[in-house]
Amino acid sequence: MKNIFSKILGLGVVGCSALLLRSFYERKNFKTVQYDVISKKIDTKKKIVFLTDLHNNSFGKNNEKLFYAIDSISPDLILIGGDMITVKDKLGIENVLPLLKRLSGRYKCIYANGNHEQRLGENKFGLNYLQYKQIIEGMGIVYLSNNSLDIDDNICVHGLDLLKKYYYRRYKGGMDTGYIKEHIAIDRDKFNILLAHSPLFIKDYEESGVDLALAGHFHGGTIRLPGGIGLMTPQFHFFSRLVVGMKRLGNMVQIIGAGLGTHSVNIRLNDMSEIVVINLKPRKKNINLVQ
Ligand SMILES: [Fe+2]
């Protein structure tokens, strides 16, 4: 009896160690995922790298591995969906700034807030939100906080800040009526890309007239179950499908990045850190044959 018990215990220890090693691997390595988004509102192809939820993680010294991976993709534009830093019991920022500085020296970068950047507003760590924003803008990065930027004649990028209550644990409601309209102006004739950190408000984003919504925040669901279901999000939603990948709703596409880091619950299983590449492509217009 004692023998069987020690064998089971031994197997348990080996199993747990293997899972922890795998989780460490998934947190310290990343993959690149590609999505094609086709629209008649797009005139010319564009390759976008979307980064989210780095949470001050480092892939090599000063995030060199991440930089070289992005550089090898050679994007037309880098969009940053927030939570690059961690603002919790302490401030985690030192691995983020060298990466952003290097990227901004080579590529056009647009940055929008996550809940962690917004927490800098509480000014607990000697670096307040405005100072951080100034540092990022000083690198030549466009910081969109309830603001928009036309990147060409017919593509507009919007950065939407979300209310603190939208990040409350297990929050399930929608947005307040008219919230998006109050903060950004969407011209439906253009192709509108929305950086809004949480994927939870997919219906509100679609109703606002956005064409492509980019989100992160849920870290791919921490442990990814079969069918793309996330076991748990940082907001304690359990068994959620809204954690990673491309979702379609009406005329809108939402792409949710699994992110590049973690905080608090430092686990990733079947949930590899990822760089997201989005290929914007024009839809071929119908040719009207003249009789
Ligand atoms: Fe987040």
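Conventions used here
Residues numbered from 1 in each chain as written. Predicted model: local features only at pLDDT ≥ 70, side-chain atom pairs only at ≥ 80, totals over all residues. Heavy atoms only, no water. Core = buried A, V, L, I, M, F, W, Y, C linked by side-chain atoms within 4.5 Å. Buried < 20%, exposed > 50% of the residue type's maximum accessible area, 1.4 Å probe, protein only. Helix = DSSP H or I, 4+ residues; strand = E, 2+ residues; numbered from the N terminus. Donors = N, O, S within 2.8 Å, 3.2 Å for Na, K, Ca; no water. Tetrahedral: all angles 85-135°; square planar, octahedral: opposite > 155°, others 65-115°. Pairing = 2+ DSSP bridges. Phe/Tyr/Trp six-rings, centres within 6.5 Å; stacked < 30°, edge-to-face > 60°. Arc of directions from axis to C-beta. Contact = heavy atoms within 4.5 Å. Patch = residues over 30% accessible without salt bridge, like charges linked within 9 Å, V, L, I, M, F, W, Y side chains within 5 Å. Areas by Shrake-Rupley, 256 points an atom, 1.4 Å probe, with all protein chains shown as cover. Salt bridge = Lys/Arg side-chain N within 4 Å of Asp/Glu carboxyl O.

Counting residues in each nonpolar core, the largest one holds 33 residues, and the members touching the most others are Leu51, Ile78, Leu100, Leu103, Tyr111, Tyr132 and Ile275. Secondary-structure elements contributing two or more residues to this core are β2 (46–51), α2 (64–73), β3 (77–80), α3 (96–106), β6 (109–112), α5 (129–138) and β17 (273–282). In terms of residue count, the dominant contributor to this core is α2 (5 residues). Of all hydrophobic cores here, the second largest spans 24 residues; its members include Tyr35, Leu77, Ile110 and Ile151.

This part is about the coordination of the iron ion. Bound to the iron ion are the protein donor atoms Asp83 (OD), Asn115 (OD1), His197 (NE2) and His217 (ND1), situated 1.9 to 2.4 Å from the metal. Metal-centred angles of 80 to 177° between the 4 donor atoms at the iron ion mark the site as irregular. Residue classification places histidine 217 among the buried residues on the basis of a relative accessible area of 3%.

We now examine the pairing of strand β16 (residues 252–256). Counting buried positions along β16 yields 5 of 5 residues, so the element is predominantly enclosed. Of the two faces of β16, the one holding Met252, Gln254 and Ile256 and the one holding Val253 and Ile255 are both buried throughout. Pairing between strand β11 (residues 212–215) and β16: 4 bridges, direction parallel. Following the sheet pairing, leucine 214 is matched in β16 by isoleucine 255.

A separate point is the packing of aromatic side chains. Following the criterion strictly, the structure yields 11 aromatic pairs and no others. Centre to centre, the rings of tyrosine 171 and phenylalanine 201 are 6.0 Å apart; their planes meet at 55°, and the pair counts as tilted. Of this pair, tyrosine 171 sits in the loop between β9 (155–160) and α6 (179–183) while phenylalanine 201 sits in the loop between β10 (191–196) and α7 (202–207); the two residues are 30 residues apart in sequence, bridging distant segments of the chain. When its relative accessible area of 17% is taken as the criterion, tyrosine 171 is described as buried.

Strand order in the open sheet formed by 3 strands is β12-β13-β14, with antiparallel pairing between adjacent strands. At either margin of the open sheet sits one strand with a lone partner, and together these are β12 (224–225) and β14 (238–240). Pairing analysis gives 2 bridges linking β12 to strand β13 (residues 229–232), with the strands arranged antiparallel. Its bridge partner lying in β13, leucine 225 is registered against isoleucine 229.

Time to look at α3. Here α3 has its buried residues at Val96, Leu99, Leu100, Leu103 and Ser104. The buried residues of α3 occupy one face: seen down the axis, they fall within an arc of 125°. Relative to its buried face, α3 has exposed residues pointing more than 90 degrees away, namely Lys101, Gly105 and Arg106. Looking at the buried positions of α3, the neighbouring elements they touch are β2, α2, β3, β6 and α5.

What follows concerns a nonpolar patch on the surface. Together, Phe5, Leu9 and Val13 line one region of the surface with nonpolar side chains, adding up to about 330 Å² of accessible area. Here leucine 9 lies in helix α1 (residues 2–28).

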